Amino acid sequence: DQIQKDSLLFRYVQTTYADGKTQASLNALDEYMRKFPNGLFIAEVFNYKGELFLKEKDWKAAAQLYDQLASKGTSKYQEKALRMAGKLYFFELKDYASALKQFNQLSRLSTKSDALIESLRGEVRSYYHLKQWMQGRDASNALISNAAANQDDQSFAETILGYAAQAESMFEPSTVSFNKVVMSNQSSLAAEARHQLAINAFKTGNVDAAEKAALASIENSGSYEFWITRSYILLGDIFLQQKDFFNAKATLKSVVENCSIPELKLEATEKLKAVEIAEKTGLNK
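Owing to the predicted nature of the structure, the values given are computational and were not obtained by experimental measurement. (Residues numbered from 1 in each chain as written. Predicted model: local features only at pLDDT ≥ 70, side-chain atom pairs only at ≥ 80, totals over all residues. Heavy atoms only, no water.)

Undergrad: Would you explain the overall build of the chain in this entry?
TA: In terms of regular secondary structure, the chain is built from 15 helices and zero strands. Scaling as 2.2 N^0.38, a compact globule of 285 residues should have a C-alpha radius of gyration of about 19 Å, whereas the chain reaches 26 Å, well beyond that. C-alpha extents for the chain along the principal axes are approximately 95 × 40 × 30 Å. In the chain, which comprises 285 residues, the share counted as buried stands at 48%. Per element, the accessible surface of the chain, about 15000 Å² overall, is 53% carbon and sulfur. (Helix = DSSP H or I, 4+ residues; strand = E, 2+ residues; numbered from the N terminus. Rg over C-alpha atoms; globule rule 2.2 N^0.38 Å. Buried < 20%, exposed > 50% of the residue type's maximum accessible area, 1.4 Å probe, protein only. Areas by Shrake-Rupley, 256 points an atom, 1.4 Å probe, with all protein chains shown as cover.)

Below you can see the structure in the form of structure tokens.
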């Protein structure tokens, strides 16, 4: 008897959905979910509801719904649900932690090559946005060794590997990774990598190489103000280390006067004060 009621209500849901009236469909879907939370057709009902939210461009509701559908376990919609939730969290909601959760699950679950490359792409890009360099290493190596990986995939993965090595003071492998990004990429990732090459040189005490790399970063990074400014600030540090107070002050002053990024303006202001103090104490010795 319950099975018959379940089937009848689902047939009503299908008819209403086919009519294309959003509110009536939602009411029917919600009624089914209320009456048969573990019904025979619950996965289909979730899927319908997700499709409606997508049609209405209600990304948050759609993402949460697909997330729920995926967590219901194995249904024919589980893989689709993980893919949809991952994409929505990543692209529409910029919620990278939630996206990562979906992509992680998808890569564990899927045996299809297109879903696997999509999940690895999503994982690596989510790790990048979350700045989780160490956690992102395995996925990055897996993506690099996947035959379907494109140049962009390689660049995101190498960026993560570069940072992970840098964090462990393994500057040589870090430099190898960042160099690969510079060679194969024209986007902001290349600008970021150029700056990190200068940082690696500075951290290994190679001041001349650091200065050259910082200048190359400024010269070749086009419109990426964030990384160009970062490299100017690094030049300030390099000049300070060389006790070249005049150039250190001039460089940091130009950042303070011209930078439109508040956090970097603040950093340059504080470093400029530090240079002025260092100069005074140096001259009074």
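From this point, the narrative continues.
Undergrad: I would appreciate a short explanation of the pattern of salt bridges in the present structure.
TA: As a working rule, side chains carrying opposite charge can pair if their charged atoms are close by. Overall, the coordinates contain 18 salt bridges when judged by the stated rule. A salt bridge links Lys76 to Glu44, with the shortest nitrogen-to-oxygen separation between them at 3.8 Å. One end of the pair, Lys76, is in the loop between helix H4 (59-71) and helix H5 (78-92); the other, Glu44, is in helix H3 (residues 42-55), and 32 residues separate them in sequence. Several salt bridges share partner residues, and in doing so they unite Arg83, Lys87, Asp114 and Glu118 into one network. (Salt bridge = Lys/Arg side-chain N within 4 Å of Asp/Glu carboxyl O.)

Undergrad: Would you mind going over the layout of surface pockets with me for this structure?
TA: Sizing a probe to match a water molecule and rolling it over the atoms shows the empty space that remains. Empty space within the largest pocket amounts to approximately 390 Å³. Looking at the lining of the largest pocket, the elements with two or more residues in it are helix H7 (113-130), helix H11 (188-203), helix H13 (225-241) and helix H15 (262-283). Considering every element that reaches the lining of the largest pocket, the biggest residue donor is H13, with six residues. (1 Å grid on protein atoms, 1.4 Å probe; cavity = no way out; pocket = protein on both sides within 12 Å on 5 of 7 lines; lining within 4 Å. Points joined across faces, edges and corners; volume = space filled by probe spheres on them.)

Undergrad: Would you take a moment to explain H4 for this structure?
TA: Helical geometry: 3.6 residues make up each α-helical turn, so side chains three or four residues apart lie on a common side. With 13 residues, H4 should cover 18 Å at 1.5 Å per step; its first-to-last C-alpha distance of 18 Å lies within 8% of that length. What H4 keeps buried is the set Ala61, Ala62, Ala63, Leu65, Tyr66, Asp67, Leu69 and Ala70. The secondary structure elements touched by the buried residues of H4 are helix H2 (22-35), H3, H5 and helix H6 (96-109). Directly after H4, the chain includes Gly73, whose backbone phi takes a positive value near 90°. (Expected span 1.5 Å × (residues − 1). Contact = heavy atoms within 4.5 Å.)

Undergrad: Would you mind showing me how to read the nonpolar core here?
TA: The nonpolar side chains of a soluble globular protein tend to be buried with one another. Judged by nonpolar contacts, the single largest core of 36 residues is most densely connected at Val13, Tyr32, Tyr66 and Leu69. Sorting the residues of this core by element identifies helix H1 (2-19), H2, H3, H4, H5 and H6 as the ones contributing at least two each. (Core = buried A, V, L, I, M, F, W, Y, C linked by side-chain atoms within 4.5 Å.)

Undergrad: It is not clear to me how helix H9 (residues 151-167) should be interpreted in this structure. Could you clarify?
TA: Over its 17 residues, H9 runs 24 Å from end to end, which matches the ideal 24 Å to within 8%, given 1.5 Å per residue. Counting buried positions along H9 gives 13 out of 17 residues, so the element sits mostly inside the fold. N-cap assignment for H9: the residue whose side-chain oxygen lies 3.1 Å from the backbone N of Asp152 is Asn150. Looking one or two places after H9, you find Ser169, whose phi comes out positive at around 60°. (Polar contact = N/O pair within 3.5 Å; in protein donor to acceptor, adjacent residues only side chain to side chain.)

Undergrad: Whenever I open this one, the packing of helix H8 (residues 137-144) against H9 confuses me. Can you help?
TA: A pair of packed helices is characterised by two quantities: the angle between their axes and the separation of those axes. Where H8 contacts H9, the two axes come as close as 9 Å, and the packing angle between them is 145°. Handedness of the crossing formed by H8 with H9: left-handed. Between H8 and H9, the contacting residues are Arg137, Ser140, Asn141, Leu143 and Ile144 on the first element and Asp153, Gln154, Ala157, Glu158, Ile160, Leu161 and Ala164 on the second. (Axes fitted to C-alpha atoms, helices over the stretch in contact; angles between N-to-C directions. Left-handed = near helix turned anticlockwise from the far one by under 90°.)

Undergrad: Mind showing me how you'd approach the environment of Ala139 here?
TA: Relative to the assigned elements, Ala139 resides in helix H8. Along the primary structure Ala139 and Gly122 are separated by 17 residues, whereas in three dimensions their C-alpha atoms are 9.7 Å apart. In contact with Ala139, not counting residues within four places along its chain, are Leu120, Glu123, Val124 and Tyr127.

Undergrad: What is the right way to read unusual backbone geometry from this model?
TA: A negative phi angle characterises most non-glycine residues, just as the trans form characterises most peptide bonds. Phi is positive for Lys131, which is not a glycine, with a value near 55°. Along the chain, the position of Lys131 falls in the loop between H7 and H8. One non-glycine residue, Lys243, adopts positive backbone phi at about 55°. Within the secondary structure layout, Lys243 lies in the loop between H13 and helix H14 (245-258).

Undergrad: Would you explain the side chain of Asp153 in this entry?
TA: Mapping Asp153 onto the fold places it in helix H9. Asp153 gets classed as buried once you look at its relative accessible area, which sits at 0%. One polar contact links Asp153 to Arg125, side chain to side chain, over a distance of 3.0 Å.

Taken by themselves, the reported measurements are silent on function.
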